[in-house]
Amino acid sequence: MDIMDKLKQGVCAINVVIEKSDIPTDEGLLASGILDSFGLIELIGFIESEFNFEMEDDEFTGDNFKDLTAVKAYVERKIA
Amino acid sequence: MCGIAGIYNPYGLTDALRDKELLKQMTLSMDHRGPDEKGVLYSDTGYIGHARLSIIDIETGQQPMYSKDYNLGITFNGEIFNYPELRKGLKEKNYNFHTTSDTEVLLCLYREYGIDMIDRLNGQFAFAIIDFSRNKIFLARDRVGIRPLFYTIINGTLIFSSCIKTILMHPKVDAAFGYKAYHQSVHIWTTYGDETFFKDINSIKPGEFLEYSKDGVSKKIYWDLSFDDGTQDLTCDDWKEKISESLNQAVQLRRRADVPVNAYLSGGLDSAITLKLIQGHHPERKLESYSVGFTDKVFDETYYQQLMNSDTGIKNTAVMISPKDIGDIFKQVVWHAEQPVFRTAPAPLYHLSGKVNDKGYKVVMTGEGADEVAWGYNIFKETQIRYHMAKDPDNQEWISRIPSLYPYQEQFNKRHLHMLAGFYKQSLTNTDSPLFSHSVRISNGKRVLNFVNPDIREELARFDIEEDIIPTLPGGFCNWSPLQKTQYLEMKTLLTGYLLSSQGDRMSMAHSVEGRYPFLDHNIVELFAKIPDRLKLNGMKEKFILKETFRDILPEEITDRSKHPYRAPEAISLLTENILEAYLNESEITKQNFFNWKFVNRLIDKLQKNRTNVSFNDNFTFINIASTTMFISFLNNEFIHHPKYPDRYVHETEVN
């Protein structure tokens, strides 16, 4: 499973009514309603656990978490 | 607090004989509201019944009460706190009294002033007066909705009661799910206006009376919260004096009873004030307080309750609640509330009233209403922040205040400031909407609709929450400040539809306990409406002038404590074997065809994997699903299958 697949799996575990195939990668996570504010926190927890790193406070930015494409790029930088 | 019921037709009752026994059974079904005495009154046009919780004039205050002199009958639930003063005024007009009850005062007031007498009442009430001479009936409810009153009209026959289940005992009344009510409740957490969760069964609105005669039905709002008169520019000290005097008066009035009046104590500011004021009037009189404690320390306020007990020397009885205690009786919560709920918070209060009843007491005074009238809730701060962000979205001063809004929610943390700012910025697009203050709540609540089956969602899509609320707003609403609008909406929704009903009256009356609310004395509500906004929410200091007024008589830790909203363990309390086996399973959910089992099952899995860190939305959604599923199940069973109630002595009056 590649990084995007895992991220989508994480989103599905948080928002239980969404199907993996319906998750957009280029739409704002909050703006699209896919996740609420708590859901974003849950996503951080998922990422840290799944990819085995700890996020720094100042990395939780609009740029890094704008949409799933941005989150994927952030994760790739962290695990590189 | 009692239970009332009635069947009325100005043209005469069509099934008079059947309805006599039916009305008796309806009255007996409200035994939990009025265990002390039962009475019925029969006439050609109407039967009314009363289940009494005897509080004032124990010996001669039986109901229904009939005045032969004035040819009036009444069945009344509640208290008229200024009844001695009203009685004095009527005696000066040569009215004679046969009892010492407030009920008789109501009859004489009606005789003197007609239904306009309602403006003179300071109380909490729901009553029906049959004016036999004029062949009409009046139903009336208090200004803020402390006491319930429901009704339906079928083929010209009016059927009313304190309990919807009692109305459902009538063979012509069907139990049908109220989709509009459900749509309202997922958006604003409660029903709105006269809506109930039972189709074609309505509520008398707070501050409303209904008249029914051969001329038809007419309804009128006799009181509503208003800020049209503007605020007064008095000094802080002047306001403190007025608040102290008025609240002392409100508490003193609410001590009027022929039984002991005790108090609930939460550990917060409002119940602490109430306790001190009650004690202040009669320090020698034995006073007890009752509290809820939680085994989960996140929710527990025992420390502050004990602080007040040490400060006052008042004996406190605490009921310790675990998640299991909530899950075990959640069915009873929904049964008594007669609607789905979005929180488990009513459950501990069900236990608490049970404890009060065990100890032999009937009346408690509580601090409900203070957060609405004195601006204690975080929604006031949230609206203030959003309003200022709307003018300047990147204003760091206001953004920095966001984390303080809901500190008990994990995401409301300075670490997540950027994300929270982004979340709130999204909500700033409708600043001109009358519902601006509640738009975050409305938007969050919609999520539960994702769990509803498509055909039900289609049914619900017919409704529009803005259309339900906006046309009903008073003419002057648009001129009020953002926070005044917030208060109005909060009182019309959360206060009336949930706090005073599902969490208040229904949980206390389940164990025959009457709650009394000094902060909801209409003089208090009107007084606070005149206070400038900045003295109620001062920067981010909630209930500023209220705290300043009573700072000298309260422990500093109580006054300076930040707002701790009353909450109880939520979704985890309902993840019990009993609830899952009986309601939240594939068979029941599929049979009901309301929720989508696939999504419900996923949510159950998610919650079972992580019971400790559950979001507000997941809690809200899960409790909504659990209670709605129970409610729908009850619609086909518990709400409509009534046992033959035990034959208790029922006093009968015949009016010819």
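Every value quoted in this text rests on a predicted model; they were computed, and no experiment measured them.

Each value, and the rule that gives it
- Once a new chain begins, its residue numbering starts again from 1 and follows that chain's sequence as written.
- The naming scheme follows written order: chains are lettered A onward, ligands numbered 1 onward.
- Where totals are concerned, whole chains, interfaces and linings use all residues; where local detail is concerned, this predicted model gives features only for residues with pLDDT of at least 70, and gives and counts side-chain atom pairs only at 80 or more.
- A run of H or I in DSSP becomes a helix once it reaches four residues, and a run of E becomes a strand once it reaches two; helices and strands are each numbered from the N terminus.
- For this measure, only C-alpha atoms enter the radius of gyration; the expected value for a globule follows 2.2 Å times N^0.38, where N is the number of residues.
- Every C-beta atom is placed from the backbone, and the number of other C-beta atoms within 10 Å of a residue's own sets its class: buried at 20 or more, exposed at 12 or fewer, partly exposed in between.
- With C-beta atoms placed from the backbone, a contact is any residue pair whose C-beta atoms sit within 7 Å.
- Each domain's extent was defined by an automatic or database domain assignment.
- Gly counts as polar in this scheme, as do all residues outside two lists: the nonpolar Ala, Val, Leu, Ile, Met, Phe, Trp, Tyr, Cys and Pro, and the charged Asp, Glu, Lys and Arg.
- Note on geometry: axes are lines fitted to C-alpha atoms, helical ones only across the stretch in contact, with angles between N-to-C directions running from 0 to 180 degrees.
- Note on angle classes: values under 35 degrees are labelled roughly parallel, values over 145 roughly antiparallel, values of 65 to 115 roughly perpendicular, and the remainder oblique.
- Each helix crossing is assigned a hand: it is left-handed if the near helix lies turned anticlockwise from the far helix by less than a right angle, otherwise right-handed if that turn is clockwise.
- A set of buried Ala, Val, Leu, Ile, Met, Phe, Trp, Tyr and Cys residues, joined to one another through C-beta atoms within 7 Å, is what we call a nonpolar core.
- Taking the helix axis as origin, the arc is that swept by the directions to the C-beta atoms.
- Here, a strand pair is defined by DSSP locating no fewer than two bridges between the strands.
- The predictor attaches a confidence to each residue, and that confidence, scored 0 to 100, is pLDDT.

(A) The overall build of chain B, seen in detail. Helices and strands together make up the secondary structure of chain B, namely 29 helices and 18 strands. Relative to the 2.2 N^0.38 estimate, which gives 26 Å for 656 residues, the radius of gyration of chain B is 24 Å and therefore close to what a compact globule would have. Relative to its 656 residues, chain B shows a buried fraction of 51%. Once local pairs closer than 6 in sequence are excluded, the contacts in chain B between residues at least 24 apart make up 73%.

(B) Representation of the overall build of chain A. If you tally the helices and strands in chain A, you get three helices and zero strands. Along chain A, from the amino end to the carboxyl end, the secondary structure elements read α-α-α. For 80 residues, the compact-globule formula gives about 12 Å, and the C-alpha radius of gyration of chain A, at 11 Å, lands near that figure. When the 80 residues of chain A are sorted by exposure, 31% land in the buried category. Of the contacts formed within chain A by residues at least 6 apart in sequence, a portion of 58% connects residues at least 24 apart.

(C) Highlighting unusual backbone geometry. All names here are of chain B. Cis geometry is found at the peptide bond from Gln-63 to Pro-64, where omega equals -5°. Relative to the helices and strands, Pro-64 is located in the loop between β3 (46-52) and β4 (65-67). Despite not being glycine, Asn-135 shows a phi value in the positive range, around 55°. With respect to the secondary-structure elements, Asn-135 resides in the loop between β6 (123-131) and β7 (136-141). Assessed through the 17 C-beta atoms surrounding it within 10 Å, Asn-135 is described here as partly exposed. The phi torsion at Glu-338 lies on the positive side, around 60°, for a residue other than glycine. Relative to the assigned elements, Glu-338 resides in the loop between α10 (330-337) and α11 (346-358). For Glu-338, a count of 22 C-beta atoms within 10 Å corresponds to the buried category.

(D) Geometry of the domain arrangement of chain B. Residues and elements named next belong to chain B. You can read the domains of chain B as domain 1 (3-223), domain 2 (236-373 + 492-559) and domain 3 (571-636). Distance between the C-alpha centres of domain 1 and domain 2: 27 Å. Taken together, the contacts link 28 residues of domain 1 with 29 residues of domain 2. Those elements that place two or more of their residues in the side of domain 1 that touches domain 2 are α4 (164-167) and α5 (179-188). Of the residues in the side of domain 1 that touches domain 2, the class split is 16 nonpolar, seven polar and five charged.

(E) Up close: the packing of helix α2 (residues 83-92) of chain B against helix α3 (residues 102-113) of chain B. Residues and elements named next belong to chain B. Axis separation between α2 and α3 bottoms out at 10 Å; the angle between their running directions is 45°. When the interaxial angle is binned, α2 and α3 end up oblique. Where α2 crosses over α3, the two elements pack in a sense that is left-handed. Every residue of α3 that contacts α2 at Tyr-83, Leu-86, Arg-87 and Leu-90 is listed here: Asp-102, Val-105, Cys-108, Leu-109 and Glu-112. Class assignment for the residues of the contact of α2 with α3 results in six nonpolar, no polar and three charged.

(F) Expanded view of the nonpolar core. Ile74(B), Leu106(B), Phe127(B), Ala128(B), Leu139(B) and Phe160(B) are the most contacted members of the largest nonpolar core, which totals 175 residues. Not counting chain neighbours up to four residues away, the residues in contact with Leu139(B) comprise Ala128(B), Leu149(B), Tyr151(B), Phe160(B), Ile204(B), Phe209(B) and Leu210(B). Core analysis: the second largest hydrophobic core is formed by 28 residues, Ile34(A), Ile41(A), Ile399(B) and Phe412(B) among them.

(G) α2(B), seen in detail. Residues and elements named next belong to chain B. Among the residues making up α2, those that are buried are Tyr-83, Leu-86, Arg-87 and Leu-90. For α2, the arc enclosing every buried residue in end-on projection is 100°, short of the 170-degree limit, so these residues lie on one face. Residues of α2 that are exposed and point over 90 degrees away from its buried face: Lys-88 and Glu-92. Packing partners of the buried residues in α2 comprise β5 (72-80) and α3. Looking at the residues trailing α2, positive phi occurs at Asn-94, about 70°.

(H) Region of interest: the pairing of β6(B). All names here are of chain B. Counted residue by residue, β6 has eight buried out of nine residues, so it is predominantly covered. Sheet topology places β5 next to β6; nine bridges connect them, and they run antiparallel. When the bridges of β6 are listed, Ile-74 appears paired with Ile-129. Relative to β7, β6 runs antiparallel, the two sharing six bridges. Pairing of Ile-130 across the sheet is with Ile-137, part of β7. Taken together, β6 and the strand that follows it, β7, pair antiparallel across an intervening segment of four residues, in which Asn-135 is found at a positive phi of about 55°.

(I) Just the sheet that holds strand β9 (residues 157-161) of chain B, in detail. All names here are of chain B. Read across the sheet, seven strands follow the order β10-β8-β9-β1-β3-β2-β18 without closing on themselves; strand pairing throughout is mixed. A single partner strand is all that each edge strand has here, and the edge strands are β10 (202-203) and β18 (651-654). Bridge count for strand β8 (residues 150-154) against β9 is five bridges, and the pairing is antiparallel. Residue pairing in the sheet places Ile-153 in a bridge with Leu-158 of β9. Sheet strands in contact with helix α1 (residues 16-28) are β1 (3-8), β2 (37-42), β3 and β9, and its direction is about 25° off that of β3.

(J) Expanded view of α5(B). Residues and elements named next belong to chain B. When you tally the buried positions in α5, you get eight out of 10 residues, the bulk of the element. Along α5, the residues that are buried comprise Ala-181, Tyr-182, His-183, Gln-184, Ser-185, Val-186, His-187 and Ile-188. Against α16 (439-445), α17 (454-460), α18 (465-469), α19 (482-499) and α29 (616-636) lie the buried residues of α5.

(K) Geometry of the packing of α19(B) against helix α20 (residues 501-509) of chain B. Residues and elements named next belong to chain B. Close contact between α19 and α20 brings their axes to 5 Å; oriented N to C, the two are set at 25°. One element, α19, and the other, α20, form an angle in the roughly parallel class. Contact residues: Thr-496, Gly-497, Tyr-498 and Leu-499 in α19; Ser-501, Ser-502, Gln-503 and Gly-504 in α20. Classifying every residue of the contact of α19 with α20 by side-chain character gives two nonpolar, six polar and no charged.

(L) Spatial organisation of the interface of chain B and chain A. Counting residues at the interface gives 21 residues for chain B, matched by 15 residues for chain A. Listed by contribution, the elements that provide at least two residues to the side of chain B that touches chain A are α15 (417-426), α28 (597-609) and α29 of chain B. Per-element accounting of the side of chain B that touches chain A gives the leading share, six residues, to α15(B). In terms of residue class, the side of chain B that touches chain A is built from seven nonpolar, 10 polar and four charged.

(M) Focus on the confidence of the model for chain B. Per-residue confidence for chain B averages 95 on the pLDDT scale, and 100% of its residues sit at or above 70. As a predicted assembly, this complex carries a pTM of 0.96 together with an ipTM value of 0.93.

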